[in-house]
Amino acid sequence: MSTACTFVLFGATGDLARRMLFPSLYFLHLEGFLAEEQKIVATSRSEREDAEFREAVREWVQERAGDRYDPDVFDAFAQRISYVSVDASEPQSFENLAQHLKAYCQDEIVFYLSTSPSIFGAVCQGLKANGLSKAPNRIVVEKPIGSDLASNIEINETVAEAFSEDRTFRIDHYLGKETVQNLIALRFGNRIFEPLWNAQAIESVQITIAETVGAEGRGGYYDEYGAIRDMVQNHLLQLVCLVAMEPPTSLSADSVRNEKVKVLKSLAPITPENVEHKTVRGQYEGGYAEQGAPASSYKEDVENEDSDTESYVAIAAEVENWRWAGVPFYLETGKRMAERNTQIVIRFREVPHSIFGAETNPNELIINLQPEERITLQIMNKKPGLTAEGMPLQELGLNLSLAEHHTARRRIAYEQLILDALNDNPALFVQRDEQEAAWRWIDGIIDAWQARGMRPKSYRSGGTGPSSKHSLTERNGHSWYE
Ligand SMILES: NC(=O)C1=CN([C@@H]2O[C@H](COP(=O)(O)OP(=O)(O)OC[C@H]3O[C@@H](n4cnc5c(N)ncnc54)[C@H](OP(=O)(O)O)[C@@H]3O)[C@@H](O)[C@H]2O)C=CC1
Ligand SMILES: O=C1O[C@H](COP(=O)(O)O)[C@@H](O)[C@H](O)[C@H]1O
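Thresholds, definitions, all that
Note that residues are indexed from 1 along each chain, following the sequence as it is written. Labels follow written order: the first chain is A, the first ligand is 1, and so on. Reporting of local features is limited, given that this is a predicted model, to residues whose pLDDT is at least 70; pairs of side-chain atoms are given and counted only at 80 or more, and all residues count toward the totals for whole chains, interfaces and linings. UniProt positions are given in the numbering used here, feature names are shortened, and annotations may be inferred rather than shown by experiment. Each residue receives a C-beta atom built from its backbone; the residue is near a molecule or strand if that atom lies within 6 Å of it. Only DSSP runs of H or I reaching four residues or more are called helices, and only runs of E reaching two or more are called strands; each is numbered from the N terminus. In this description, any two residues whose backbone-derived C-beta atoms lie within 7 Å of each other are considered to be in contact. When DSSP finds two or more bridges between a pair of strands, those strands are recorded as paired. Every C-beta atom is placed from the backbone, and the number of other C-beta atoms within 10 Å of a residue's own sets its class: buried at 20 or more, exposed at 12 or fewer, partly exposed in between. These domain boundaries are the output of an automatic or database domain assignment. Here the arc refers to the directions that run from the helix axis out to each C-beta atom. Expected helix span is given by 1.5 Å per residue-to-residue step, counting one fewer step than there are residues. The convention used is that axes are lines fitted to C-alpha atoms, helices contributing only their stretch in contact, and that angles between N-to-C directions extend from 0 to 180 degrees. By definition in this entry, angles of less than 35 degrees are roughly parallel, angles greater than 145 are roughly antiparallel, angles of 65 to 115 are roughly perpendicular, and the rest are oblique. If you view the pair so one helix is near and one far, a crossing is left-handed when the near helix is turned anticlockwise from the far one by less than a right angle, and right-handed when it is turned clockwise. For this classification, the nonpolar set comprises Ala, Val, Leu, Ile, Met, Phe, Trp, Tyr, Cys and Pro, the charged set comprises Asp, Glu, Lys and Arg, and every other residue, Gly included, is treated as polar. What makes a nonpolar core is a set of buried Ala, Val, Leu, Ile, Met, Phe, Trp, Tyr and Cys residues, with links drawn between C-beta atoms within 7 Å.

- Under an unreviewed UniProt entry, the name given to the protein is Glucose-6-phosphate 1-dehydrogenase, and the source organism is Parvularcula dongshanensis.
- A UniProt comment under Pathway (unreviewed entry) is attached to the protein, and it reads "Carbohydrate degradation; pentose phosphate pathway; D-ribulose 5-phosphate from D-glucose 6-phosphate (oxidative stage): step 1/3."
- Under Function (unreviewed entry), UniProt gives the following word-for-word description of the protein: "Catalyzes the oxidation of glucose 6-phosphate to 6-phosphogluconolactone."

Here is the structure:
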């Protein structure tokens with residue numbers, strides 16, 4: 001059950017609000033997680049009546065909830081919602097909002113900014129000027145916060161003028177995913193992994209986030225950001241943190257986030273001297289429609305014939321500390337890939353000496369995060385049957401398909417994050433120093449690309465990325481797990 005506070009959503013007519021935020025709030029209501037007094041105040045620029053806006057929300061929820069949409073439950077949910085028009089560029093709008101909140105709502109307020117970061121500053125100033133930014137009120141801000149370290153600092157400074165760090169909740173929706181949190185349970189809820197979780201036993205780590213969707217629909221934003229800013233700076237690096245961090249002393253927000261930031265600060269800088277060996281940029285070509293994938297190219301999707309932005313990136317990263325010295329972390333993310341798949345592969349070292357007269361395959365721990373949640377440990381077994389000599393081996397997987405054990409509906413990541421923000425629990429949100437360390441590393445890569453004039457290589461839509469990605473791993477005698 002959430003603390004009874006008011007949830008004020010900026011950007012309530014936007015794509016994220018429609019597809020994720022209102023359906024998440026509905027599910028929280030449906031399952032009894034919202035306090036009875038909980039109010040939701042929706043804002044965007046246009047003028048709308050409450051009733052009209054609630055009907056719009058009904059459609060969005062219906063579309064997402066499918067057979068979990070219940071008209072009576074929705075009617076009760078809709079009673080929580082009111083609508084106020086606020087244009088961030090007009091300070092007067094915030095007075096209207098303040099009056100509405102005074103008349104209608106609880107004392108404690110959570111503001112959620114699901115808008116372009118370009119108006120975060122104006123919103124924070126408007127809230128502050130009307131006495132709405134005082135404790136215990138807090139603010140949730142969507143990604144991306146900036147497009148480099150300098151703009152990240154600038155936006156964070158503006159937010160900090162109104163909301164202190166402990167009342168600023170930076171979203172990375174991957175941290176709200178059940179499967180991503182399960183990584184913490186896997187590592188620290190089991191004794192067996194820790195003694196092997198280091199460079200002595202592990203040869204390499206691979207983290208892949210492959211998507212089948214392209215940049216269509218968000219072309220303007222995406223073409224400015226590209227895969228490195230859109231996915232690596234946040235989601236991929238958060239996964240690196242959870243795999244590589246030291247055991248936190250507790251699950252408290254400070255313990256976990258302080259361990260994560262140490263990982264980010266340990267990432268070996270990528271420089272103009274090594275960038276061509278350590279990174280690959282790619283951009284999808286058109287075609288491939290015969291196999292069901294859209295036929296458009298990246299350039300067509302973003303409507304920019306001259307675009308040099310990457311829709312794919314692969315990086316051979318290193319975490320320079322005692323635990324991980326010499327272990328490459330192969331990171332990869334791309335749009336319009338063959339299949340949607342988020343996966344972590346921990347490849348262990350070979351046995352030191354084989355007694356079988358043949359090579360054994362190194363063990364691999366494969367953690368599938370989405371679309372299916374599965375953990376597989378590849379191990380060597382004896383091939384069944386009589387043998388005249390030696391012992392032939394085969395590789396088989398110990399398989400844990402979590403779908404078979406979980407009967408609960410798969411939640412939208414935002415459900416957990418909204419609930420945590422309402423309950424003032426920042427553990428699954430990103431600290432300012434974490435974000436700055438991540439941007440510092442990413443800026444280094446982008447500067448190195450520019451210094452070397454590294455343009456994206458093209459790759460087939462519906463494929464596995466540019467062929468040059470293989471040199472990245474082969475250079476170390478490794479190969480991608482595909
Ligand atoms: N969409 C997605 O899948 C994802 C989005 N995000 C992030 O979430 C945020 C929102 O994204 P998205 O929903 O796609 O964006 P949209 O462009 O779809 O929506 C933007 C919202 O902001 C409102 N808005 C724009 N200007 C003003 C203003 N001056 N004052 C008040 N409100 C304003 C718009 O309302 P109106 O036009 O009616 O004024 C609209 O409700 C962005 O930071 C994005 O990067 C993050 C991850 C995924
Ligand atoms: O933040 C973003 O994430 C999505 C991928 O999220 P997922 O939950 O579907 O894995 C990505 O498509 C989008 O470009 C990016 O902005």
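## Details of the site of ligand 1
- Near ligand 1 lie 23 residues; those nearest to it are Gly11, Gly14, Ser44, Arg45 and Ala88.
- Among the elements that make up the shell around ligand 1, the one with the highest residue count is helix H1 (residues 15-30) (three residues).

## Some remarks on the UniProt feature "active site" (unreviewed entry) in the protein
- Taking the UniProt record as the reference, the feature "active site" (unreviewed entry) is found at His235.
- Looking at the element boundaries, His235 is found in helix H8 (residues 219-244).
- Apart from residues lying up to four places away in sequence, His235 is in contact with Asp172, Tyr174 and Ile209.

## Let's talk about the pairing of strand E12 (residues 364-370)
- Pairing analysis gives six bridges linking strand E11 (residues 341-348) to E12, with the strands arranged antiparallel. Bridge pairing links Arg347 to Glu364 in E12.
- For E12 and strand E13 (residues 374-382), the ladder comprises five bridges, and the chain directions are antiparallel. Bridging from a neighbouring strand, Asn368 pairs with Arg374 of E13.
- The hairpin formed by E12 and E13 contains three residues between the paired strands.

## So, unusual backbone geometry
- That bond from Ala135 to Pro136 is cis: its omega, 5°, falls within 30 degrees of zero.
- With respect to the helices and strands, Pro136 occurs in the loop between helix H5 (120-129) and strand E5 (138-141).
- Positive phi outside glycine occurs at Glu303, with the angle close to 55°.
- Here Glu303 lies in the loop between helix H11 (298-301) and strand E9 (312-318).
- Residue class for Glu303 comes out exposed when judged on the 12 C-beta atoms lying within 10 Å of it.
- Despite not being glycine, Asp424 has its phi angle at roughly 60°, a positive value.
- Locating Asp424 in the fold gives a position in the loop between helix H12 (413-422) and helix H13 (432-452).
- Judged by the 16 C-beta atoms lying within 10 Å of it, Asp424 is partly exposed.

## A short note on the domain arrangement of the protein
- For the protein, the assigned domains read domain 1 (6-170) and domain 2 (175-412 + 431-474).
- Distance from the C-alpha centre of domain 1 to the C-alpha centre of domain 2: 33 Å.
- Across the contact, 16 residues belong to domain 1 and eleven residues belong to domain 2.

## Looking at H5
- For H5, the full list of buried residues reads Phe120, Val123, Cys124, Gly126 and Leu127. Within H5, the buried residues cover an arc of 160° as seen down the axis, which keeps them to one side.
- Against the buried residues of H5 lie strand E1 (6-10), helix H4 (91-104), strand E4 (109-113), E5 and helix H6 (149-160).
- A positive phi of about 70° marks Gly131, the residue just after H5.

## Considerations on helix H9 (residues 253-265)
- The terminal C-alpha atoms of H9 lie 18 Å apart, and with 13 residues this matches the ideal 18 Å at 1.5 Å per residue to within 8%.
- Considered for burial, the residues of H9 that qualify are Val256, Arg257, Lys260, Val261, Val263 and Leu264. When H9 is viewed along its axis, its buried side chains cluster within an angular range of 155° and face the same direction.
- In this structure, the buried residues of H9 make contact with H8 and H13.

## Observations concerning the packing of H9 against H13
- Two numbers describe how H9 lies on H13: the axes approach to 9 Å, and their chain directions differ by 15°. Taken together, the axes of H9 and H13 are roughly parallel relative to one another. Of the two possible hands of crossing, H9 and H13 adopt the one that is left-handed. On H13, the residues that touch Arg257, Lys260, Val261, Leu264 and Lys265 of H9 are Asp433, Glu434, Ala437, Ala438 and Trp441.
- Within the contact of H9 with H13, the residues separate by chemical class into five nonpolar, no polar and five charged.

## Concerning the nonpolar core
- Ranked by internal contacts, the top residues of the largest apolar core, which has 122 residues, are Leu9, Phe111, Val140, Val240 and Leu331.
- The residues that make up this core include at least three from each of domain 1 (6-170) and domain 2 (175-412 + 431-474).
- Sequence-distant contacts of Leu9, that is, excluding residues within four places in its chain, are made with Ala17, Leu21, Ile40, Ala42, Thr43, Tyr112 and Ser114.

## Thoughts on the sheet that holds strand E10 (residues 328-334)
- Strands sit in the order E14-E13-E12-E11-E7-E10-E9-E8-E15 across an open sheet of nine strands; the sheet is mixed. Looking along the sheet, the strands with just one partner apiece sit at the ends: strand E14 (393-401) and strand E15 (457-459). If you compare each strand with its neighbour and ignore which way they point, the axes differ by 20° on average.
- Bridge analysis of strand E7 (residues 202-210) against E10 gives six bridges, and the strand direction is parallel. Residue pairing in the sheet places Thr208 in a bridge with Glu332 of E10.
- Sitting on the sheet, H8 touches E7, E9, E10 and E11, and the angle it makes with E10 is about 140°.

## Quick look at the packing of H5 against H6
- Across the interface, H5 lies against H6 with an axial gap of 8 Å and an inter-helix angle of 10°. Put simply, H5 runs roughly parallel to H6. Two secondary-structure elements touch here, H5 through Phe120, Gly121 and Cys124 and H6 through Ile155, Thr158 and Val159.
- Each residue belonging to the contact of H5 with H6 can be placed in one class, and the counts come to four nonpolar, two polar and no charged.

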